[in-house]
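Observations on the three-dimensional arrangement
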Amino acid sequence: MTPAVAPRRLSLVAGLLGAAAAPACGRREPPPPPPAAAAAAPAEGPREGERSPVVSRVEREGLSIAFELRPLRGAGDRPEARSDATAVFTITDAATGAPARDLGPLAWMSRRTGAPPDDAGCQEKIKSFMAGLIAVRPDVDMNAYLLWTQNQDNTLSVINPQLAFTRSKLRSIVTLAAGSTAIALHPDGDRLYATLQSGHGLAIVDTRRGLVTANVPVGADPMRVSVAPDGKTVWVGNDGDGTVSVVDARAAGVLKTLRAGPGHHEFAFSGGGRTAWITSRDASTVTAVDTGTLDPVAEIEIGEGAAAVAASDTASAVYVANEPKGEIVILDADRRAVAGRVAVKPGVSAVAFAPSGRFAFALNPAKGEVSILDASTGSLAHTLPGFASPDAIAFTSTYAYVRNLGESRVSLIELPSLERPGKPAVVEVQVGQQPPRAAKDARGAAPFAVLPEGNGAIVASPADKVLYYYVEGLMAPMGTLSNYGREPRAALIEDRSLKEIQPGVYAATVRLGEEGVHDVELLLRGRRVTACLEATVAPSAVPAEDRSPGLTVEPLFDAGVDLEVSKPATLRFRATPKASAPPLEAKEMQVMIFRFPVGFRDTVQPRAEPDGAFSVTFTPPEPGEYRFLLEAGSRNAPLGALPSISLYATSPGAAPEPGGAR
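Let me begin by describing the structure that accompanies this report.

Cut-offs used in this document
- Residues numbered from 1 in each chain as written.
- Predicted model: local features only at pLDDT ≥ 70, side-chain atom pairs only at ≥ 80, totals over all residues.
- Heavy atoms only, no water.
- Helix = DSSP H or I, 4+ residues; strand = E, 2+ residues; numbered from the N terminus.
- Buried < 20%, exposed > 50% of the residue type's maximum accessible area, 1.4 Å probe, protein only.
- Contact = heavy atoms within 4.5 Å.
- Areas by Shrake-Rupley, 256 points an atom, 1.4 Å probe, with all protein chains shown as cover.
- Phe/Tyr/Trp six-rings, centres within 6.5 Å; stacked < 30°, edge-to-face > 60°.
- Pairing = 2+ DSSP bridges.
- Axes fitted to C-alpha atoms, helices over the stretch in contact; angles between N-to-C directions.
- Core = buried A, V, L, I, M, F, W, Y, C linked by side-chain atoms within 4.5 Å.
- Polar contact = N/O pair within 3.5 Å; in protein donor to acceptor, adjacent residues only side chain to side chain.
- Salt bridge = Lys/Arg side-chain N within 4 Å of Asp/Glu carboxyl O.

In this section: the overall build of the chain. Looking only at helices and strands, the chain features four helices and 52 strands. In the chain, buried positions account for 52% of the 662 residues. Sequence separation of 24 or more characterises 54% of the internal contacts of the chain that already satisfy a separation of 6 or more. Split by element, the accessible area of the chain, about 27,900 Å² in all, is 50% carbon and sulfur.

Written as structure tokens, this is what we have:
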């Protein structure tokens, strides 16, 4: 079963377009003096020597709509990001100039190939883009989000859950140097961090390109990773040596190593991110650290056994779950002192605050209970029994999602009911065929990825090896997303959609496509308004040598000839560097061969051949399609930068498919 998301969106847009008047096509103008809302937009104005962005403007249904592409600041030191831009819609009341808020815009860009689209053409484009059809894709999608999963092997899956087609939704597979223990996404969405096993440190993944850009050495046995709210630092808990590595989120280097005490570490941030709180399970103290200076500012005695920590700026409090004692220790975040202790039961191992910051949820897998504490009184408000080893929690504005490790169901606790007399409302949703516990080492993961719309979640099921798409109000998931044979341990969403960053100003970071004039299609869901504008993508300012890999690869084997299962095959290829570069050496390269889309995977170093070529030996373990990938990081060719070569293997004596089809 596949998610009904795209068809649902198509019916929605059909209704919106049917109710809206014909769209208007925008014209390009020099930018006028900005209204107050536009002046507050975060993207800076042009630097010296830069031209002002060209604005496309239209008036529609009493709204003044302006669109522009602004250079992305901070991309100068990252050549791969210089084709990024900030797409900005500034929408105001045409009569008063007041910002138009909460419009729910959806927008796309498509390269113009002829005359500007008429009204009907613009509406048809919007309908086709909303449908998520693979055959009709925009050059720039300002509404996209991608699902990242942490798998049981050394991979991350990148899945596009918005495509409405029956073939693979798998966008890419990112291969890590080792298996990962935890993942975290940067607030900008352009980097993902993964703690790795076997001494491989912290992997930094470029989410836009889908590849690892650095492996940062940290302490021993890193198990937890968290990004500070300001996005400047990444905090890694090293369970093997009692330290915490604080990593520069941009420069990918360790800024400081903190002594935090023995055992497992967890993190929370308070005071708008100015203070980091570090627990150590086998230490008797919680450490508070100034995130600006990276100096410890307090060590608070709470007793051994800290299993989890959560902070609420609303309550100016930090809650620590002490598992063996069965209590929640309440810390005053301002005074950095113990403010109280609330008895629950031994076995409490997770604690998290709901979005309002008032209610804290404490999960007890051992007792099958969820305790809810009211931070306004510092007391226990509810104890809910009947769970099957609850171990993970996530929140929308309406519900707390609780995973039951021992059963294939998710419990939804209604948040508004917490403020009403009586027992909170709980909805049980059957999710999956097997309980998460059926998968090895499933405990401690983060299985919920809350949808950008805030009305549901994608739930990772490691035992079923799929992800379930759930929308609130239903008694079962809408559909499933395949993880192609891998066990998804954790899931998160990289949201690339338009956000209202100031009143009436909607923006998103986009990666621009081919140069030339583009049509900009806009749908305002809040007003049932459509509009067509335009934008010009200038030639890339990045020199070609910065954008392209530093070598080319030529296969010297016939990829059209099937290989034979269990029979070694020598695959020769030529790797040619740029004209001005020194010759390549075999030690600079690695070849990865993997079964597509999932299965066998091997990475080897090629051999140098006497004629200047290189070779690897590959023995297909089973029939199917394989991919041959070459990487050479020292030549600006990380894994995935060079095109892959498809290989096919058949069983001995197997007849070829009719017509050559595979």
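Attention now moves to the packing of aromatic side chains. In the structure shown here, the tally under the stated rule is 11 aromatic pairs. Members of the aromatic cluster, each reached through a chain of ring pairs, are F557, F573, F614 and F628.

We now examine the side chain of S180. Structurally, the position occupied by S180 is in strand β11 (residues 180-185). What makes S180 buried here is its relative accessible area of 9%. When neighbours within four sequence positions are excluded, S180 is seen to be in contact with Q150, N151, D153, A194, T195, L196 and Q197.

What follows covers the sheet that holds strand β18 (residues 254-259). Pairing between sheet strands relies on hydrogen bonds along the backbone, with the strands arranged either parallel or antiparallel. Pairing is antiparallel in the open sheet, where four strands are placed in the order β15-β16-β17-β18. Each having just a single partner strand, β15 (222-227) and β18 make up the two edges of the open sheet. The mean inter-strand angle of the sheet, taken between neighbouring strand axes irrespective of direction, is 20 degrees. Across six bridges, the pairing between strand β16 (residues 233-238) and strand β17 (residues 243-248) is antiparallel. When the bridges of β17 are listed, V234 appears paired with V247.

Next up on the list: the sheet that holds strand β27 (residues 350-353). The strand order across the open sheet formed by four strands is β27-β28-β29-β30, and the pairing between neighbours is antiparallel. Only two strands of the sheet have a single neighbouring strand rather than two, namely β27 and β30 (379-384). Sheet twist, expressed as the mean angle between neighbouring strand axes with direction ignored, is 20 degrees. Both strand β28 (residues 359-364) and strand β29 (residues 369-374) contribute to a ladder of six bridges, which runs antiparallel. Bridge pairing in β29 places L363 opposite V370.

Turning our eyes to something else, we now look at the nonpolar core. In this structure, I65, F67, F89, I91, M109, M142 and L533 are the most contacted members of the largest nonpolar core, which totals 26 residues. Of all the secondary-structure elements, those providing two or more residues to this core are β4 (63-71), β5 (84-93), β6 (105-111), β41 (505-511), β42 (516-524) and β43 (529-537). With five residues, β43 is the single largest residue contributor to this core. Counting 25 residues, the second-largest nonpolar core is a separate cluster that includes V565, F628, A637 and A649.

Looking at the element boundaries, T155 is found in strand β9 (residues 155-159). Among the residues examined, T155 registers a relative accessible area of 0% and is labelled buried. At 3.2 Å, the side chain of T155 forms a polar contact with the side chain of R486. In this view, T155 contacts T149, Q150, I173, V174, T175, R486 and R601; residues no more than four positions away in its chain are not counted.

You will see that E61, though not glycine, has its phi angle at about 50 degrees, which is positive. For D221, which is not glycine, the phi torsion reads 55 degrees and is therefore positive. The residue D221 is located in the loop between β14 (211-216) and β15 in this model. Classification of D221 as partly exposed rests on a relative accessible area of 45%.

The subject of this paragraph is the pattern of salt bridges. A side chain with one charge may pair with a side chain of the opposite charge, provided their charged atoms come close. Taken as a whole, this structure holds 34 salt bridges when the rule is applied. One salt bridge connects R101 with E500, and the closest N-O pair in it is separated by 3.4 Å. One end of the pair, R101, is in the loop between β5 and β6; the other, E500, is in strand β40 (residues 499-502), with 399 residues separating them in the sequence. For E588, the salt bridge is made with R635, and the minimal N-O distance between the two is 2.9 Å. You can see E588 sitting in the loop between β46 (569-577) and β47 (590-595) and its partner R635 sitting in the loop between β51 (624-631) and β52 (645-650), a full 47 residues away along the chain. Linked through salt bridges whose partners overlap, the residues forming this network are R112, K125, D519, E521 and E534.

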